[in-house]
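Breakdown of the fold
So the chains spell out like this:
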Amino acid sequence: MTKIQIDESWKIELNEEFNSLYMSNLRVFLKEQVISGKKIYPPMDKIFNAFNFTPLTKVKVVIVGQDPYHGEGQANGLSFSVDNMLKIPPSLQNIYKELFTDLRITSPQSGNLEEWAHRGVLLINSSLTVEKGKPGSHQGKGWEKFTDEVLSIINRKKNNIVFILWGKKAQEKGKFLSRERHLIIESAHPSPFSAHNGFFSSKPFSKTNDYLNNNNIEPINWQL
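Residues numbered from 1 in each chain as written. Predicted model: local features only at pLDDT ≥ 70, side-chain atom pairs only at ≥ 80, totals over all residues. Heavy atoms only, no water.

**Points about the layout of surface pockets**
Here is the rule: Points on a 1 Å grid over protein atoms alone make up a cavity when a 1.4 Å probe fits among them but cannot get out, and a pocket when they form an open set with protein on both sides within 12 Å along at least five of seven lines; lining residues each have an atom within 4 Å of a point. Grid points are joined across faces, edges and corners, and a volume is the space filled by probe spheres set on the points. Numbering of helices and strands runs from the N terminus, with a helix taken as a DSSP run of H or I at least four residues long and a strand as a DSSP run of E at least two residues long. Residue type decides the class: Asp, Glu, Lys and Arg count as charged, Ala, Val, Leu, Ile, Met, Phe, Trp, Tyr, Cys and Pro as nonpolar, and the leftover types, Gly among them, as polar.
What the largest pocket holds in volume is close to 550 Å³. Taken together, 29 residues make up the lining of the largest pocket; nearest its centre are D67, P68, Y69, H70 and S91. Ranked by residues supplied to the lining of the largest pocket, first place goes to strand 3 (residues 121–125) with three residues. Residues that form the lining of the largest pocket fall into these classes: 15 nonpolar, 13 polar and one charged. Size it by volume and the second largest pocket reaches roughly 170 Å³. Forming the walls of the second largest pocket are V64, G65, Q66, S126, S127, Q139, E144, D148, K169, A170, E172 and K173. The set of elements that each furnish at least two residues to the lining of the second largest pocket consists of strand 2 (61–65), helix 6 (143–157) and helix 7 (168–173). Tallying contributions element by element places helix 7 first for the lining of the second largest pocket, with four residues. Taken together, the residues of the lining of the second largest pocket break down into two nonpolar, five polar and five charged.

**Some words on the sheet that holds strand 2**
So the rule is basically this: Two strands are said to pair when DSSP picks up at least two bridges between them. Helix axes use the C-alpha atoms of the stretch in contact, all axes being lines fitted to C-alpha atoms, and the angles between their N-to-C directions lie in the range 0 to 180 degrees.
As summarised here, the arrangement of the four strands in space is 3-2-5-6, forming an open sheet in which the pairing is parallel. Of all the strands in the sheet, the pair left with one neighbour each is strand 3 and strand 6 (183–187). Going from strand to strand, the sheet's axes swing by 15 degrees on average, the running direction of each strand aside. As paired elements, strand 2 and strand 5 (residues 162–166) share four bridges and run parallel to each other. Looking at strand 5, one finds that V61 is bridged to V162.

**Let's talk about unusual backbone geometry**
Threshold: For the exposure calls, accessible area comes from a 1.4 Å probe over protein chains only, and a residue counts as buried if that area is under 20% of its type's maximum, exposed if over 50%, partly exposed in between.
Residue Y41 is joined to P42 through a cis peptide bond whose omega torsion reads -10 degrees. In this fold, P42 is placed in the loop between strand 1 (40–41) and helix 3 (49–53). At F80, a residue that is not glycine, the phi angle is positive and equals roughly 70 degrees. Within the element layout of this structure, F80 appears in the loop between strand 2 and helix 4 (90–103). Even without a glycine there, the phi angle at S201 is positive, about 70 degrees. Here S201 lies in the loop between strand 6 and helix 8 (204–214). Relative accessible area serves as the criterion here: at 56%, S201 is assigned to the exposed category.

**Points about helix 4**
In an α-helix, one turn spans 3.6 residues; hence positions three or four apart end up facing the same way. Rules: Here the expected length of a helix is defined as 1.5 Å per residue gap, with one fewer gap than residues. The contact rule is simple, with two residues in contact once any of their heavy atoms fall within 4.5 Å.
With 14 residues, helix 4 extends 20 Å from end C-alpha to end C-alpha; this agrees with the ideal 20 Å at 1.5 Å per step. Every buried residue of helix 4 is accounted for by S91, L92, N94, I95, Y96, E98, L99 and D102. As for helix 4, its buried residues are in contact with helix 5 (114–118), strand 5 and helix 8. Backbone geometry just downstream of helix 4 places R104 in the positive-phi region, at approximately 60 degrees.

**Thoughts on the pairing of strand 5**
This is how the line gets drawn: When the strands point away from the viewer and the path from the first strand over the helix to the second turns clockwise, the crossover is right-handed.
With five of its five residues buried, strand 5 lies for the most part within the structure. Neither face of strand 5 is left uncovered, since the one carrying V162, I164 and W166 and the one carrying F163 and L165 both have all their residues buried. For strand 5 and strand 6, the ladder comprises five bridges, and the chain directions are parallel. Residue pairing for strand 6: V162 is matched across the bridge by L183. Each parallel crossover has a hand, and for strand 5 linked through helix 7 to strand 6 it is right-handed.

**What about helix 8?**
Looking only at helix 8, the buried set comprises P204, F205, S206, T208, N209, Y211 and L212. Structurally, helix 8 contributes buried residues whose contacts are with strand 2, helix 4, helix 5, strand 5 and strand 6. Count one or two residues on from helix 8 and you reach N216, which has phi positive near 55 degrees.

**Comments concerning the pairing of strand 3**
Burial of strand 3 is extensive: five of the five residues sit out of reach of the surface. Here strand 3 shows no split at all, with V121, L123 and N125 on one side and L122 and I124 on the other all buried. Sheet topology note: the strand 2/strand 3 ladder contains five bridges and is parallel. Bridging across to strand 3, V62 finds its partner in L122.

In structure tokens, the structure reads:
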């Protein structure tokens, strides 16, 4: 994190955060983790991928995850996404199942969601890094404060954004979002442990596009 590679539209808005004490402490923490030989995901040059693929000016939809994937080579800086040729994780398999149920879009062969990001879907996790094999290992280190500010910026500066909050953690994170100015879609998490408790048949993709259409905003092409 010595050189932060992030889109200029985000860099301007987040400048105060990057210069804050808590982010300085977070940089020290990550550096110490690497020096001690711990494997951190995603790779340092991909931590801010979500912001580079989806500049603030292009954000239409926000999907909030919790942690990056903690398996070898999985995390690529976009929530729920993995690079091409990797096995599609269970939560993403369930997202694809709902995509088919909702819009009759056949499940993609790849788990790479970069195209969604390029089309205006900001795919962020609450924590932007994790230690290999240890889910939740970087919670409480400062990332949550950073990503709260990201959501706050979108909430204040944009209108008619769709926030998709899957699971209690994401829903708690979005408590301050304006339901008058934006659409908040909430359901159970797509994880195999909870997807049957309200995620399946929740129709987040069609609800998103209906809202965007009703506000004269080009809908998202969810086809991958």
